[in-house]
Amino acid sequence: MDVMLLAGTRPEAVKLAPLALALAEHPVFRPVLVHSGQHERMVEQALSSFGLGVDLWLDVPPRVRGSQAELFAGLLPALDETLTRHRPGALVLQGDTATVLAGALAAYWRGIPVVHLEAGLRTHDLAAPFPEEGTRQMAARVATLHLAPTEPAAAALRAEGIPAERITVTGNTVVDAVRAVAARDLPARDTALALLEMEIGEGAKRMVLVTSHRRESWGEPLRRILDAVRELVAAHPDVHVLFPVHPNPDVRAQVRAALGDLGRVTLTDPLDYPDLVRALRLAELVLTDSGGIQEEAPTFGTPVLILREVTERAEAVDAGCAWLVGTDTDRILTTAARVLSGEISASGVENPYGDGKASARAVTAIESLLCLPEPLLAKAALSD
């Protein structure tokens, strides 16, 4: 039985990859990885880190304006055609992108069970994160199975009236992913990261990893973040900032204009996933508005300053692994200084987002959803 996994961005691919590998080991299921085309090349890059590749590409018209409406209008007919032609047993969607919402609607209309991986994250503020909060809430209305990463996420779903039997707490598959990649301990491919690693090893520098790309941060909030980075470097002579810059042209232009001429700041293209994992292990501190990095960094005990006013991933804050600082320059600088001086530190608790077994729990939940009969499972096991 085919289980289709739909990805359009790198974070989706990273979090779907461990589940695809677990499904491939199942005696009945066959994972089919589909690329929506939302972010070209990024999905392929992420999957390759796990020895996986794309099985199907959607036939989506090239975008001219780059708007959400244009993307959505292209995705729906392509998804409908693909689902009709392949008729998978279920469609797995991850997170909160335009790809997720289009996939949820297309599968729902065709009567195909929708499995929402990383379900239940909520701020209850449709403006933050935008448009992700709205996407999650809308996808939840038509999802058949909700794979919640934490108990608070499951509680949020139950509070919205979703029956408890349709919710399974699995942990977050990103913990499975980051543990698997870290265990391989691959050397850095990015030259800048490799050089920084040598200097850190010699005790000459401490690295601060910075990422910022969210839509609600564009413009003035990002300017305040970049001001904080400039002042952070000036105040700490042993700190070197590594800033992988998002491919969005507006973000790239703003970051390069603010930091491109600054010493001890290295701007790179987005890192390959193994390099990102390596950077998280090496960093003294992370400043980010990324949801995934909030979940990945606690695996290594790396403290995180969350560059958002609200977060739908409060577990790390509650566990003492992260601090919510928003985009206020002074607040960012003050909290970063406290971390770098050792006044405050990450709590050292286990990653609150999972134990590395989320994919196995997700497969069991999908198996129950699709009501695979015991004789079929037994027959498949014998044939193996």
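The name an unreviewed UniProt entry gives the chain is UDP-N-acetylglucosamine 2-epimerase (non-hydrolyzing), with Amycolatopsis minnesotensis as the organism. According to its UniProt record, the chain has this under Sequence similarities (unreviewed entry): "Belongs to the UDP-N-acetylglucosamine 2-epimerase family."

*Asks:* Please set out the overall build of the chain residue by residue, giving values where relevant.
*Replies:* When you go through the chain residue by residue, the secondary structure sums to 16 helices and 13 strands. For the chain, whose C-alpha radius of gyration is 21 Å, the value lies close to the compact-globule estimate of 21 Å for 384 residues. Dimensions of the chain, computed from C-alpha atoms along their principal axes, come out at roughly 65 × 45 × 40 Å. When each of the 384 residues of the chain is scored for burial, the buried share is 55%. A separation of at least 24 residues holds for 67% of the contacts in the chain among residues at least 6 apart in sequence. Side-chain charges of the chain comprise 36 positive and 50 negative groups, with the mean position of each set lying 2 Å from the other.

*Asks:* Please give an account of the pattern of salt bridges that cites residues and values.
*Replies:* Using the criterion set out here, one finds 31 salt bridges in the structure. As a salt-bridge pair, Lys 205 and Glu 199 come within 3.4 Å of each other at their nearest N and O atoms. In this structure Lys 205 comes out as partly exposed when scored by relative accessible area, which is 22%. Take Glu 199: its relative accessible area is 27%, and that puts it in the partly exposed class. The salt bridge involving Arg 206 is made with Asp 238; its shortest N-O contact spans 2.7 Å. You can see Arg 206 sitting in strand E8 (residues 206–211) and its partner Asp 238 sitting in the loop between helix H9 (220–235) and strand E9 (239–244), a full 32 residues away along the chain. Judged by its relative accessible area of 28%, Asp 238 is partly exposed. Here the salt bridges share partners, and the residues they tie into one network are Lys 15, Asp 96, Glu 118, Arg 136, Glu 295, Arg 308, Glu 312 and Arg 313.

*Asks:* I'd like a description of the UniProt feature "domain: UDP-N-acetylglucosamine 2-epimerase" (unreviewed entry) in the chain, backed by residues and values.
*Replies:* Taking the UniProt record as the reference, the feature "domain: UDP-N-acetylglucosamine 2-epimerase" (unreviewed entry) is found at residues 22–367. Note that residues 22–367 is 44% helix and 14% strand, and that its end C-alpha atoms are spaced 12 Å apart.

*Asks:* Give a description of helix H14 (residues 329–340) that names residues and reports values.
*Replies:* Counted at 1.5 Å a residue, the expected span for H14 with its 12 residues is 16 Å, and the 16 Å between its end C-alpha atoms agrees. Buried residues in H14 make contact with E8, H9, E9, strand E11 (285–288), strand E12 (304–306) and strand E13 (322–324). Structurally, the start of H14 carries an N-cap: the backbone nitrogen of Asp 330 is 3.3 Å from a side-chain oxygen of Asp 328. Looking one or two places after H14, you find Gly 342, whose phi comes out positive at around 85 degrees.

*Asks:* Give me the lowdown on the nonpolar core, citing residues and values where you can.
*Replies:* Ranked by internal contacts, the top residues of the largest apolar core, which has 58 residues, are Leu 19, Val 92 and Tyr 273. In this view, Tyr 273 contacts Arg 10, Val 14, Ser 49, Phe 50, Val 174, Ala 177, Val 178, Val 181 and Glu 296; residues no more than four positions away in its chain are not counted. In terms of nonpolar packing, the next biggest core, distinct from the first, is built from 31 residues, Val 245, Ala 258, Leu 305 and Leu 333 among them.

*Asks:* Give a detailed account of the sheet that holds strand E6 (residues 145–148), specifying residues and quantitative values.
*Replies:* Read across the sheet, seven strands follow the order E3-E2-E1-E4-E5-E6-E7 without closing on themselves; strand pairing throughout is parallel. With partners counted over all chains shown, the strands left at the sheet margins are strand E3 (56–57) and strand E7 (167–169), one partner each. Here two bridges tie strand E2 (residues 30–35) to E3, and the two strands are oriented parallel to one another. Its bridge partner lying in E3, His 35 is registered against Trp 57. Docked against the sheet, helix H6 (residues 151–159) engages E6 and E7, running at close to 165 degrees with respect to E7.

*Asks:* Describe a negative patch on the surface, naming the residues involved and giving the relevant values.
*Replies:* A contiguous patch of negative charge on the surface is contributed by Glu 231, Glu 309, Asp 328 and Asp 330. By the element assignment, Glu 309 lies in the loop between E12 and helix H13 (315–318). With a relative accessible area of 54%, Glu 309 lands in the exposed category.

*Asks:* Summarise the packing of helix H8 (residues 191–201) against helix H11 (residues 273–282); cite the residues concerned and give the values.
*Replies:* The geometry of H8 relative to H11 is characterised by a closest axis approach of 11 Å and an angle of 20 degrees between their N-to-C directions. Compared by their axis directions, H8 and H11 come out roughly parallel. Note on packing geometry: the crossing formed by H8 with H11 is left-handed. Where H8 abuts H11, its residues Leu 193, Glu 197 and Ile 200 lie against Asp 275, Arg 278, Ala 279 and Leu 282. A per-class count over the contact of H8 with H11 returns four nonpolar, no polar and three charged.

*Asks:* Please provide a residue-by-residue account of the layout of surface pockets, values included.
*Replies:* In this structure, the second largest pocket encloses a volume near 180 Å³. Taken together, 15 residues make up the lining of the second largest pocket; nearest its centre are Pro 152, Ala 153, Glu 312, Ala 314 and Glu 315. At the level of secondary structure, the elements contributing two or more residues to the lining of the second largest pocket comprise H6 and H13. Looking at the lining of the second largest pocket, the element that brings in the most residues is H6, giving three residues. Of the residues assigned to the lining of the second largest pocket, the class counts are seven nonpolar, three polar and five charged.

The rules we used
- Residues numbered from 1 in each chain as written.
- Predicted model: local features only at pLDDT ≥ 70, side-chain atom pairs only at ≥ 80, totals over all residues.
- Heavy atoms only, no water.
- UniProt positions renumbered as here; feature names shortened; annotations may be inferred.
- Helix = DSSP H or I, 4+ residues; strand = E, 2+ residues; numbered from the N terminus.
- Rg over C-alpha atoms; globule rule 2.2 N^0.38 Å.
- Buried < 20%, exposed > 50% of the residue type's maximum accessible area, 1.4 Å probe, protein only.
- Contact = heavy atoms within 4.5 Å.
- Lys, Arg positive; Asp, Glu negative; His and termini not counted.
- Charge placed at Lys NZ, Arg CZ, Asp CG, Glu CD.
- Salt bridge = Lys/Arg side-chain N within 4 Å of Asp/Glu carboxyl O.
- Expected span 1.5 Å × (residues − 1).
- Polar contact = N/O pair within 3.5 Å; in protein donor to acceptor, adjacent residues only side chain to side chain.
- Core = buried A, V, L, I, M, F, W, Y, C linked by side-chain atoms within 4.5 Å.
- Pairing = 2+ DSSP bridges.
- Axes fitted to C-alpha atoms, helices over the stretch in contact; angles between N-to-C directions.
- Patch = residues over 30% accessible without salt bridge, like charges linked within 9 Å, V, L, I, M, F, W, Y side chains within 5 Å.
- Areas by Shrake-Rupley, 256 points an atom, 1.4 Å probe, with all protein chains shown as cover.
- Parallel < 35°, antiparallel > 145°, perpendicular 65-115°, else oblique.
- Left-handed = near helix turned anticlockwise from the far one by under 90°.
- Nonpolar A, V, L, I, M, F, W, Y, C, P; charged D, E, K, R; others polar.
- 1 Å grid on protein atoms, 1.4 Å probe; cavity = no way out; pocket = protein on both sides within 12 Å on 5 of 7 lines; lining within 4 Å.
- Points joined across faces, edges and corners; volume = space filled by probe spheres on them.

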